[in-house]
Amino acid sequence: MAAHLSAGRVNLMALREAGRKELREFLDKCAGSKAIVWDEYLTGPFGLIAQYSLLKEHEVEKMFTLKAGRLPPADVKNIIFFVRPRLELMDIIAENVLSEDRIRCPQRDFHILFVPRRSLLCEQRLKDQGVLGSFIHREEYSLDLIPFDSDLLSMESESAFKECYLENDQTSLYHAAKGLMTLQALYGTIPQIFGKGECARHVANMMIRMKREFSGSQNPIFPVFDTLLLLDRNVDLISPLATQLTYEGLIDEIYGIQNTYVKLPPEKFAPKKQGEGGKDLPTEPKKLQLNSAEELYAEIRDKNFNAVGSVLSKRAKIISAAFEERHHAKTVGEIKQFVSQLPHMQAARSSLANHTSIAELIKDITTSEDFFDNLTVEQEFMSGIDTDKVNSYIEDCIAQKHPLIKILRLVCLQSVCNSGLKQKVLDYYKREILQTYGYEHILTLNNLEKVGLLKVQLSSRNNYPTIRKTLRLWMDDVNEQNPNDISYVYSGYAPLSVRLAQLLTRPGWRSIEEVLKMLPGPHFEERQQLPTGLQKKRQHGENRVTLVFFLGGVTYAEIAALRFLSQMEDGGTEYVIATTKLINGTSWIKSLMEKLEPPPF
């Protein structure tokens, strides 16, 4: 089921197993039959750690979604609440517990499992509601880093960026440091730490302090990772705002990938039966899991979308040739061999059919005039054309009342690519947006200003052209089919975050000291002492392993760019990616939006 997690340089199956073990131990503490009441947001991340079968083995008979009112009837001894430490959820739990009919089932036990940490505030709220004493076990389940793929970990903390940059709340940074401690307990101390940004500095400090506190209790393990690179999201605000142009990136931009699953319009996936001219089309969205366990997806997900078609048609020819083989199978042995390969061939054929349908859905959008116009404006901004004046395409989009998030992404991109906008340009955009979309969005605009996505250009000097040239962020002659540089993931723009990772490996950050000073936050280097005998002696030709941790979110295009660097023959480094959340421009801006509710007159 999760065999693909052990396919990379670092066996992430060990992390998943550690999570499963902790879950089993908790379930076994609550003896007897159980019902789990889920905080809905947690079901997706938990599904990547443990399927229902594991819960069933430990006497979980029913599962409900946490909602106000009475709990559904269940003939079980234990009710376990799996929740994030949120005050509003405590009120619902209190209502659930208080409405339980104690006369009918006096022997029922309640337990609560906080994910990822217990919270004194939440326990106080339960106490105020008079239900804290009803819980026999009140524990925490430290689901910090969840393995999504053989080289990808995420905390799935949906508001980490907002908390860090808007609310000055460092809880998610503490969880990131704890997650790194768990990783080091399983995979050995990471000897070298580099970082860029305020949040990166905080995480490194917390992790080093925790390491000192636990110094006596750690198992000596040969380090698997050579380097940890901590990057703040606000060091590179451009990459999430720009439209991702890899296959996986576009699926996420258009349909949204949630915990490796995507829901797609069903009509493209209806089985075509002869003579039934489109009767009974399915109405439920088609739900597919996307990860490297699927051979074809692993091959195409990180390619630029323009290079996907040729791979699919090549694969179609190979599969149809393989099915033709059955006509040449004469002997019993040959027929037997063909039959044994059949399940694999049928899976390959169904995988090809799915991805051909997805590619058709995406192509309908990417060939539209609106997509092309939007992309042209983005690319003009990123290559430094006309970033200092009001853009006529953005004006037209506002006038035609295009989706607000699309407008905000473009205005923020223009602001970031110009180191801020002139006061009158910014005021003009804000006025147009508020008059067209409503004054309740004034809080959203305020939030975007606070986090630095929208700002006034304070000095007359725009640093972005210097950063762009020094780091080679814009490449005119990009090869989408057989790329030779990471800029293929945005068809011209090389993600700044990944360029920093690439330059750190070779020739090192000293070569770009001046540019690093122009980017927000400090840059630093730390060393962690390894116990004697654990220093790693590298075999000839063995690649280094770097863990890149994005604090505040990472896009699939950046992940694709890092995978591209891992596969470069002369690269010498393989990358594993960790993040607080997998994001795209839409989900990221949405997390910063705030709607003023109109007063109830």
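These numbers come from a predicted model, not from an experiment. (Residues numbered from 1 in each chain as written. Predicted model: local features only at pLDDT ≥ 70, side-chain atom pairs only at ≥ 80, totals over all residues. Heavy atoms only, no water.)

**Q** I tried to follow the sheet that holds strand E4 (residues 109–114) on my own but got confused; where do I start?
**A** Two modes of strand pairing occur in sheets, parallel and antiparallel, and in both the strands are linked by backbone hydrogen bonds. Taken in spatial order, the five strands make up an open sheet running E2-E1-E3-E4-E5, and their pairing is parallel. The open sheet has two free edges, formed respectively by strand E2 (60–65) and strand E5 (135–140), since each of these has just one partner strand. Along the sheet, successive strands turn relative to each other by an average axial angle of 20°, direction set aside. In terms of strand pairing, E4 meets E5 through five bridges, oriented parallel. Opposite His111, over in E5, you have His137 as the bridge partner. Sitting on the sheet, helix H2 (residues 40–47) touches strand E1 (34–38), E2 and strand E3 (78–83), and the angle it makes with E1 is about 110°. Against the sheet, helix H4 (residues 87–98) engages E1, E3, E4 and E5, with an angle of about 170° to E3. (Pairing = 2+ DSSP bridges. Helix = DSSP H or I, 4+ residues; strand = E, 2+ residues; numbered from the N terminus. Axes fitted to C-alpha atoms, helices over the stretch in contact; angles between N-to-C directions. Contact = heavy atoms within 4.5 Å.)

**Q** Where do I start with the packing of aromatic side chains in this structure?
**A** Aromatic ring pairs: the centre-centre distance and the angle between the two ring planes describe each pair. Per the stated rule, a full pass over the model turns up 17 aromatic pairs. Sitting over the face of the ring of Phe524, Arg201 holds its NZ or CZ atom 4.1 Å from the ring centroid. A cation over a ring is seen here: Lys287 above Tyr261, with NZ or CZ 4.8 Å from the ring centre. (Phe/Tyr/Trp six-rings, centres within 6.5 Å; stacked < 30°, edge-to-face > 60°. Lys NZ or Arg CZ within 6 Å of the ring centre and 35° of its normal.)

**Q** When you look at unusual backbone geometry in this model, what are you seeing that I'm missing?
**A** For residues besides glycine, phi is generally negative; the peptide bonds are generally trans as well. Val115 connects to Pro116 through a cis peptide bond whose omega is 0°. With respect to the helices and strands, Pro116 occurs in the loop between E4 and helix H5 (120–128). Across the junction of Arg506 and Pro507, the peptide omega takes the value 5°, indicating a cis bond. With respect to the helices and strands, the residue Pro507 is situated in the loop between helix H20 (496–505) and helix H21 (513–518). A positive phi angle, near 70°, is found at Thr260, a position not held by glycine. Considering the arrangement of structural elements, one finds Thr260 in the loop between strand E10 (257–258) and strand E11 (261–264). Thr260 sits in the buried class, given a relative accessible area of 4%. (Buried < 20%, exposed > 50% of the residue type's maximum accessible area, 1.4 Å probe, protein only.)

**Q** Just checking my understanding: could you explain the pairing of strand E15 (residues 573–579) for this structure?
**A** In terms of residue burial, E15 counts as a mostly covered element, since six of its seven residues are buried. Across seven bridges, the pairing between strand E14 (residues 544–551) and E15 is parallel. Following the sheet pairing, Phe549 is matched in E15 by Ala578. In the classification by handedness, the crossover that spans E14, the intervening helix H22 (residues 556–567) and the parallel E15 is right-handed. (Right-handed = clockwise from strand over helix to strand, strands pointing away.)

**Q** Sorry, what's going on with the pattern of salt bridges here?
**A** Opposite charge on two side chains allows them to pair when their charged atoms are near. What the rule picks out here adds up to 35 salt bridges. Among the salt bridges present, the one from Glu158 reaches Arg86, with a minimum N-O distance of 3.6 Å. Note that Glu158 is positioned in the loop between strand E7 (152–154) and helix H6 (160–165) and Arg86 in the loop between E3 and H4, a separation of 72 residues in sequence. By relative accessible area, which is 28% here, Glu158 ends up partly exposed. Owing to a relative accessible area of 25%, Arg86 belongs among the partly exposed residues under this scheme. (Salt bridge = Lys/Arg side-chain N within 4 Å of Asp/Glu carboxyl O.)

**Q** Before we go on, may I ask you to explain helix H1 (residues 13–29) in this structure?
**A** In an α-helix there are 3.6 residues to a turn, and that puts residues three or four apart on one side. Taking 1.5 Å of rise per residue, 17 residues should cover 24 Å, and H1 covers 25 Å from first to last C-alpha, within 8% of that figure. Restricting attention to buried positions, one finds in H1 the residues Leu15, Arg16, Gly19, Arg20, Leu23, Phe26 and Leu27. The buried residues of H1 occupy an angular sector of 135° when the element is viewed end-on, so they sit on one face. (Expected span 1.5 Å × (residues − 1). Arc of directions from axis to C-beta.)

**Q** Looking at this structure, I do not really get the nonpolar core. What am I missing?
**A** Counting residues in each nonpolar core, the largest one holds 165 residues, and the members touching the most others are Phe82, Leu230, Leu453, Leu500 and Phe549. In terms of residue count, helix H16 (residues 404–416) provides more of this core than any other element does, nine residues in total. Every residue in contact with Leu453, bar those within four places of it in the chain, is listed here: Leu237, Leu241, Cys412, Ser415, Val416, Leu448, Trp588, Ile589 and Leu592. (Core = buried A, V, L, I, M, F, W, Y, C linked by side-chain atoms within 4.5 Å.)

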